[in-house]
Amino acid sequence: MLGILLVLIIASPLLRDFRMTIRADLKASLNADELLVDFLDDANQLAMYKEFLEGEFSAELLLFFVQIREYKKLFVAGIPGPRAEHQREKIIKTFLAPGAKLEINLPESMSKRYRLQSQGTTAARSGLVVVPLEADTSFAGPLRIDEFDAAREEVLYMMSSDPLLRFQQDPRYQSTWQAFLQNRVELNRRNDDLAALAAAT
């Protein structure tokens, strides 16, 4: 019993440090996601990141992210009709269907889900009477702004982890990234000043 207590006492700080490290890593990951989304809002910066990912043979990640962004914009603009339908089918055929031209490398469970969705969509749109029992026909139903969110988050994570680190360290892009960070700091400072002024009045 005494030996177990000693192990727990010794391990406790290590476990606490481990949990703190995990939380810090998670926070850094979330910040990286947020930073990258903001960075890609600028067309020139987006072109730079695309050029970088092309060198790493993973530009399809960014192309997918951009197509999802355009899909969501149609809903925000209040025009999710035929244009959104066309955009949805384009995303499925280009990135998610089995053997797609720019098929993205998603986790197996997620890939299977989207494969079944694309099968259900194909069957529903072709007028076939029999739809595979496994097939999820949700893509054949009403358009939804969130139907690609799981894949988007996965792709954003893939782009904002190791590739973003290498991008930041690449001499070709370092100055652009540093300028972006500086502008973001200044913008946050201005927003904080405005919030403080508003609170004081």
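My aim in this report is to walk through the structure given alongside it, one point at a time. (Residues numbered from 1 in each chain as written. Predicted model: local features only at pLDDT ≥ 70, side-chain atom pairs only at ≥ 80, totals over all residues. Heavy atoms only, no water.)

The contact between helix α2 (residues 43-55) and helix α7 (residues 162-169) brings their axes to 11 Å, and the two run at 110°. Of the possible angle classes, the one that applies to α2 and α7 is roughly perpendicular. Between α2 and α7, the contacting residues are Met 48, Tyr 49, Phe 52 and Leu 53 on the first element and Pro 163, Leu 164, Arg 166 and Phe 167 on the second. Of the residues in the contact of α2 with α7, the class split is 7 nonpolar, no polar and 1 charged. (Axes fitted to C-alpha atoms, helices over the stretch in contact; angles between N-to-C directions. Helix = DSSP H or I, 4+ residues; strand = E, 2+ residues; numbered from the N terminus. Parallel < 35°, antiparallel > 145°, perpendicular 65-115°, else oblique. Contact = heavy atoms within 4.5 Å. Nonpolar A, V, L, I, M, F, W, Y, C, P; charged D, E, K, R; others polar.)

On to empty space enclosed by the protein, then. Evaluated as defined, the whole model comprises 1 cavity of 30 Å³ or more. If you add up the space inside the largest cavity, you get close to 50 Å³. Lining the largest cavity are Phe 95, Leu 96, Glu 103, Ile 104, Leu 106, Ser 111, Tyr 114 and Arg 115. It is helix α5 (residues 108-126) that contributes the most residues to the lining of the largest cavity, 3 residues altogether. For the lining of the largest cavity, the residue count by class is 5 nonpolar, 1 polar and 2 charged. (1 Å grid on protein atoms, 1.4 Å probe; cavity = no way out; pocket = protein on both sides within 12 Å on 5 of 7 lines; lining within 4 Å. Points joined across faces, edges and corners; volume = space filled by probe spheres on them.)

Here the focus is the nonpolar core. Counting residues in each nonpolar core, the largest one holds 39 residues, and the members touching the most others are Leu 40, Tyr 49, Leu 62, Phe 64, Leu 96 and Met 159. Taken together, the elements giving at least two residues each to this core come down to α1 (2-39), α2, α3 (59-76), α4 (82-96), α5, α6 (149-160), α7 and α8 (174-200). Looking at which element gives the most residues to this core, the answer is α3, with 10 residues. The residues contacting Leu 40, other than those within four sequence positions of it, are Leu 46, Tyr 49, Leu 62, Phe 65, Arg 69 and Met 159. (Core = buried A, V, L, I, M, F, W, Y, C linked by side-chain atoms within 4.5 Å. Buried < 20%, exposed > 50% of the residue type's maximum accessible area, 1.4 Å probe, protein only.)

What follows deals with the environment of Leu 53. The residue Leu 53 is located in helix α2 in this model. On the basis of relative accessibility, which here comes to 0%, the residue Leu 53 falls in the buried class. C-alpha of Leu 53 to C-alpha of Met 159: the two residues are 106 residues apart in sequence and 8.8 Å apart in space.

For the rest of this paragraph, the subject is the packing of aromatic side chains. The way to describe two aromatic rings as a pair is by their centre distance and the angle between their planes. Applying the stated criterion to the full structure yields 13 aromatic pairs. Considering the side-chain rings of Phe 52 and Phe 167, the 5.4 Å spacing of their centres and the 75° angle between planes classify their relative orientation as edge-to-face. In this pair, Phe 52 sits in helix α2 while Phe 167 sits in helix α7, placing the two residues 115 residues apart along the sequence. A centroid spacing of 5.4 Å and a plane angle of 75° characterise the contact between Tyr 71 and Phe 148, whose relative ring orientation is edge-to-face. One end of the pair, Tyr 71, is in helix α3; the other, Phe 148, is in the loop between α5 and α6, and 77 residues separate them in sequence. For the pair formed by Tyr 71 and Phe 148, the shared burial category is buried. (Phe/Tyr/Trp six-rings, centres within 6.5 Å; stacked < 30°, edge-to-face > 60°.)

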